[in-house]
Amino acid sequence: MKKEMTVDTTIQLSALAENAAYLIRLPLVRLSNYYSQLLERRINIRQTLALVNAQVAFFLAVFPMESPIFIRFACLAWLVSALLKCKKEL
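Keep in mind the model is a prediction, meaning the values are calculated, not measured. (Residues numbered from 1 in each chain as written. Predicted model: local features only at pLDDT ≥ 70, side-chain atom pairs only at ≥ 80, totals over all residues. Heavy atoms only, no water.)

Before going further, it helps to spend a moment on the packing of aromatic side chains. With the rule as written, the count across this model stands at two aromatic pairs. For the pair F59 and F63, a centre-to-centre distance of 4.9 Å together with 50 degrees between the ring planes defines the contact as tilted. Given a relative accessible area of 43%, F63 falls into the partly exposed group. (Phe/Tyr/Trp six-rings, centres within 6.5 Å; stacked < 30°, edge-to-face > 60°. Buried < 20%, exposed > 50% of the residue type's maximum accessible area, 1.4 Å probe, protein only.)

Right, let's talk about helix α2 (residues 45-62) for a bit. Here α2 contains 18 residues, and its C-alpha end-to-end distance of 26 Å stays within 8% of the 26 Å for a straight helix at 1.5 Å per residue. Considered for burial, the residues of α2 that qualify are I45, Q47, T48, A50, L51, A54, A57 and A61. (Helix = DSSP H or I, 4+ residues; strand = E, 2+ residues; numbered from the N terminus. Expected span 1.5 Å × (residues − 1).)

Moving on, we get to the pattern of salt bridges. According to the stated counting rule, one finds one salt bridge in the structure shown. Residues R46 and E89 are paired through a salt bridge, measuring 3.6 Å at the closest nitrogen-oxygen approach. Placement of R46 in helix α2 and of E89 in helix α3 (residues 69-89) is noted, with a sequence separation of 43 residues between them. Owing to a relative accessible area of 59%, R46 belongs among the exposed residues under this scheme. (Salt bridge = Lys/Arg side-chain N within 4 Å of Asp/Glu carboxyl O.)

With that out of the way, let us pick up the packing of α2 against α3. The relative placement of two packed helices comes down to the angle between their axes together with the axis-to-axis distance. Interhelical geometry of α2 versus α3 gives an angle of 155 degrees and a closest axis separation of 8 Å. Classified by the angle their axes make, α2 and α3 are roughly antiparallel. With respect to the hand of their crossing, α2 and α3 are arranged in left-handed fashion. Judged by residue contacts, R46, Q47, A50, L51, N53, A54, V56, A57, F58, L60, A61 and V62 of α2 engage R72, C75, L76, W78, L79, A82, L83, C86 and E89 from α3. Looking at side-chain class alone, the contact of α2 with α3 contains 16 nonpolar, two polar and three charged residues. (Axes fitted to C-alpha atoms, helices over the stretch in contact; angles between N-to-C directions. Parallel < 35°, antiparallel > 145°, perpendicular 65-115°, else oblique. Left-handed = near helix turned anticlockwise from the far one by under 90°. Contact = heavy atoms within 4.5 Å. Nonpolar A, V, L, I, M, F, W, Y, C, P; charged D, E, K, R; others polar.)

This brings us to the environment of A74. Residue position: A74 is located in helix α3. Here A74 falls in the partly exposed class, since its relative accessible area comes to 45%. Sequence-wise, A74 and A57 are 17 residues apart; in three dimensions their C-alpha atoms are separated by 10.0 Å.

This is the structure in structure tokens:
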């Protein structure tokens, strides 16, 4: 009887993990579909994450904030890195 419960618990945990992965991935898939419509070509989730990374880096590098200059340079370096990654991915 113990083995049956263990197998049943393992199956339930596996189903729970699959459900959680689906729920986490769903917004990325929808965003990927949106970007695909904008770019008029199919892009995958990895390319979508590269675009989101570049957008966040741009936001932090360009918009004014009260911070030391080295943080501004770090954000600028992040932006350049993100743009190069986008160029490579797309």
